[in-house]
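Here are the chains, one letter per residue:
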Amino acid sequence: MASASSSMADYHKPDQQTLQNLKDEANRLRVLSIQATTAAGSGHPTSCCSAAEIMSVLFFHTMKYKAQDPRNPNNDRFVMSKGHAAPILYAAWAEAGFLKESELLNLRKIDSILEGHPVPKQEFVDVATGSLGQGLGAACGMAYTGKFFDKASYRVFCLLGDGESSEGSVWEAMAFAGFYKLDNLVAIFDVNRLGQSDPAPLQHKLEIYQKRCEAFGWHTVIVDGHSVEELCKAFCAVKNQPTAIIAKTFKGKGITGIEDKENWHGKPLTKDLAEQAIKEIESKISNKKKLSPAAPEEDAPAVCIKNIKLASPPGFKLGEKIATRRAYGLALAKLGKANNRVIALDGDTKNSTFSDLFKKEHPDRFIECYIAEQNMVSVAIGCATRDRTVAFASAFATFFTRAFDQLRMAAISESNINLCGSHCGVSIGEDGASQMGLEDLAMFRTIPTATVFYPSDAVSTERAVELAANTKGICFIRTSRPENEVIYSCSEEFKVGHAKVVARSKNDQATVIGAGVTLHEALAAAAELKKENINIRVIDPFTIKPLDRKTILECAKATNGRIITVEDHYPEGGIGEAVAAAVVGEPGITVKSLAVSHVPRSGKPTELLRMFAIDKEAIVEAVRAAISQTNNSV
């Protein structure tokens, strides 16, 4: 890799004409931002104005990119973490010639791609921002990919607001970048002093920002954020560590009466005020010369991540006992053998999630994110941008709940990432309630782009991993701690949205739907009930979203409309509610849901399954009750 430091070790001060051109460009960006937000009648012009010189120097002096090909893999990357300053980002791409200037006046209109905050339907945006504190984590993923996977010379720039630096996720990202010495990453803090409703806590105490950044292992420079010359110099100062630029700026810079004044956040200028401000700013522009970015170095490798298959089929014996979490690790290692762009991330749980099996075989493609799940998800999103990698991030299922905002934004980012949550439900046993994933199905089911896999044996787990690698959107694979029997032959085929009927007869009296450990309890219940001459049909849904409504309805109709769901999850948002929603309005169908009814506790897995009535005995009782109820009502 062309090290970033060698190519920029020598700083050549730009000539006076270049500096004047960059000042003019900054003021043109201000004008365009004010025009767009006034036309929209909403937006954040003052947040744009504080960043004008930063954007001018970045887009027309420092960054190397092809303006007509924003997603070119060789381009430098830019993340607007302070997403509310979107209008100045759009203005920069208009000035670069990618957008028509007239389109800026359609800001925030329903038929325009220029939404209130950046989204990837704009080709120049890799990740959606606007939920503050997430841009830097994604930028870390892009920079890690550039440095260690692509080994290319592109750099990654991330613009943050000072207000958003109160978010803990920012400092998770700072720690990550410092630890991995991401010298191709530059974070710019636009310290404009004012937040939305109050001044930011540190206001203009730049030396405190500097000390914090340095403590996280960053080369840190304080600059006058309105001096194009200081910015040019700061962007060139590359050391063997990430660079943080602490830019002292003023909110609403250039607008008389509004600059550095409170209560102007998120307020457009009225027509009269806008005209006045534009006239004042335009009087400072000395020429109309359009600036062009420098071309990037063409050294990012070609990548293909389509149609990835397991290097070898599952190799388990029927009846063999193996935990689905272990099967996940085995499958991941195989997938890594099949394609050198499969990567794995973990939050210091790799010996529990079994992603360490991937690490042993592909150490260069494993990213240890430590105990920072929010940042791990953001890094995965960054790694997956521009289709550079197929990312699998794993942790205990319950700890993805703290990254829900990152997952929600991943959907808005149109991101293709895969997540594996192990240790789901009360079946983990003695560790107790804090470690038990009991909300994860509900959470992932609410995400519009999510596919939710819940495999019940080792064979289906391996196939879930393979399918996830080739499925767009967010894929979540829920794995269990206990060792359960292999119930599928290694040649069994699996598809997203296709359930498996794992027990059936001609005279089944009820349909039982279980997944993971509860599917095995359901099969045990079927064997028990058979002794009483009661046959039940047992369904393994395989994916909880999308759910195989067709198979469930067919089975329900064949079993007197009786459905019993049993799950190691809270009732809200789990399998029972998914099934109930799928059959609602169908005459003659009843759904009885067995689930974990309240906050659990430590105990042996078998004791806890019994305590919460989601074991074999509870299923037997529920089937008997359902049959006698219907018979009595007849």
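Residues numbered from 1 in each chain as written. Predicted model: local features only at pLDDT ≥ 70, side-chain atom pairs only at ≥ 80, totals over all residues. Heavy atoms only, no water.

If you look the chain up in an unreviewed UniProt entry, it shows as Transketolase from Leptobrachium leishanense. What the UniProt record of the chain gives under Subunit (unreviewed entry) is the line "Homodimer." (UniProt positions renumbered as here; feature names shortened; annotations may be inferred.)

### As for empty space enclosed by the protein
A full pass over the atoms with the stated rule returns seven cavities of 30 Å³ or more. If you add up the space inside the largest cavity, you get close to 90 Å³. Lining the largest cavity we find Phe 59, Met 63, Tyr 65, Pro 70, Asn 75, Asp 76, Arg 77, Phe 78, Leu 89, Trp 93, Phe 124 and Arg 386. The set of elements that each furnish at least two residues to the lining of the largest cavity consists of β1 (77–80) and α5 (86–95). Its residues assigned to classes, the lining of the largest cavity shows eight nonpolar, one polar and three charged. There is about 80 Å³ of room inside the second largest cavity. Mapped by element, the contributors of at least two residues to the lining of the second largest cavity are α6 (135–149), α14 (373–384) and α15 (404–412). Considering each element in turn, the lining of the second largest cavity owes the most residues, three residues, to α15. (1 Å grid on protein atoms, 1.4 Å probe; cavity = no way out; pocket = protein on both sides within 12 Å on 5 of 7 lines; lining within 4 Å. Points joined across faces, edges and corners; volume = space filled by probe spheres on them. Helix = DSSP H or I, 4+ residues; strand = E, 2+ residues; numbered from the N terminus. Nonpolar A, V, L, I, M, F, W, Y, C, P; charged D, E, K, R; others polar.)

### Things to note about the UniProt feature "domain: Transketolase-like pyrimidine-binding" (unreviewed entry) in the chain
Mapped onto this numbering, the UniProt entry annotates "domain: Transketolase-like pyrimidine-binding" (unreviewed entry) at residues 322–486. With 39% helix and 21% strand, the stretch residues 322–486 has end C-alpha atoms that lie 7 Å from each other.

### Here's the deal with the packing of helix α11 (residues 324–338) against helix α17 (residues 458–469)
For the pair α11 and α17, interaxial distance at closest approach is 8 Å and the crossing angle is 45°. Regarding the angle of α11 to α17, the classification is oblique. As for how α11 packs across α17, the hand of that crossing is right-handed. Between α11 and α17, the contacting residues are Thr 324, Ala 327, Tyr 328, Leu 330, Ala 331, Leu 332, Lys 334 and Leu 335 on the first element and Ala 458, Thr 461, Glu 462, Val 465, Glu 466 and Ala 469 on the second. When grouped by side-chain class, the residues that make up the contact of α11 with α17 number nine nonpolar, two polar and three charged. (Axes fitted to C-alpha atoms, helices over the stretch in contact; angles between N-to-C directions. Parallel < 35°, antiparallel > 145°, perpendicular 65-115°, else oblique. Left-handed = near helix turned anticlockwise from the far one by under 90°. Contact = heavy atoms within 4.5 Å.)

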